[in-house]
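# Notes for the structure review
The lines below spell out each chain.
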Amino acid sequence: MSEEEKNIGTEYIAYCRRRLSEEYFPRIVRCVNELTEEDIWWRIDESNNSIGNLILHLSGNVRQWICGGIGEIENHRNRALEFSERTHIPKEELLKILESVLRDADEVLKNFNTNKLLELRKIQVYEATCLDALSHVVEHFAQHLGQIIFITKLRTKKDLKFYDL
């Protein structure tokens, strides 16, 4: 790998780390802090997800794809439970779960050798390069963050002022 390619890889990983930990997570915290415990588990109907379920799902996805897939750390995920959970885990606990996973993922990415970005990994039923896996996580996280923001705005009828963070 050329020096330029290494620099691009290093910059891309830094970008992804920044998005997940410094932009996306604080926005989820802001949303959760605006909501009641009931709001966290509210859903339009059973075909939709609550914010609580989305946070559990994001935690499982990041742990499986980054920690397990890219970092090759053993993990056991129950994806179905992320969506079926109905016990109303307190919002502080949900944030701790997500923060812990993001910290672990950030450690994997901080120590990741960019020469391995194009290595294949088996994740779920997919074969993906580490680059694909990382891109998947950041994109997937952003999509569900959008749902969390939308639900928060529906429930609070507030401008969340993300540019004030």
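Scroll up a little and you will see the structure.
Read on for a plain summary of the structure. (Residues numbered from 1 in each chain as written. Predicted model: local features only at pLDDT ≥ 70, side-chain atom pairs only at ≥ 80, totals over all residues. Heavy atoms only, no water.)

### As for the environment of Arg 43
The condition is simple: Only DSSP runs of H or I covering at least 4 residues are called helices, and only runs of E covering at least 2 are called strands; the numbering of each starts at the N terminus. Only protein chains enter the area calculation, which uses a 1.4 Å probe; residues under 20% of their type maximum are buried, those over 50% are exposed, and those in between are partly exposed. Residues are treated as being in contact if the distance between any of their heavy atoms lies within 4.5 Å. Whenever a nitrogen or oxygen atom comes within 3.5 Å of another N or O atom, the pair is scored as a polar contact, on the condition that within protein one atom can donate a hydrogen and the other can accept it, and that pairs from neighbouring residues in sequence are kept only if both atoms are in side chains.
Note on placement: Arg 43 falls in the loop between helix H2 (37–40) and helix H3 (51–70). Looking at Arg 43, the relative accessible area reads 12%, which means it is buried. Residues Arg 43 and Asn 75 lie 32 residues apart in sequence; the distance between their C-alpha atoms is 29 Å. Among all residues touching Arg 43, those that are not within four sequence positions of it are Asn 48, Asn 49, Ser 50, Asn 53, Glu 85 and Arg 86. At a separation of 3.4 Å, a polar atom in the side chain of Arg 43 contacts the side chain of Ser 50.

### Considering the pattern of salt bridges
When their charged atoms lie close together, side chains carrying opposite charge are able to pair. Here is the rule: Only one rule defines a salt bridge in this text: a Lys or Arg side-chain nitrogen within 4 Å of an Asp or Glu carboxyl oxygen.
Counted by the stated rule, this structure contains 13 salt bridges. In this structure, Arg 17 and Asp 106 form a salt bridge, with 2.6 Å as the shortest nitrogen-oxygen distance. Taken as a pair, Arg 17 in helix H1 (residues 3–34) and Asp 106 in helix H5 (residues 91–110) lie far apart in primary sequence, 89 residues in all. Overall, Arg 17 belongs to the partly exposed group, its relative accessible area being 24%. The salt bridge involving Lys 161 is made with Asp 159; its shortest N-O contact spans 4.0 Å. By relative accessible area, which is 43% here, Lys 161 ends up partly exposed. One salt-bridge network, held together by shared partners, links Arg 19, Glu 23 and Arg 27.

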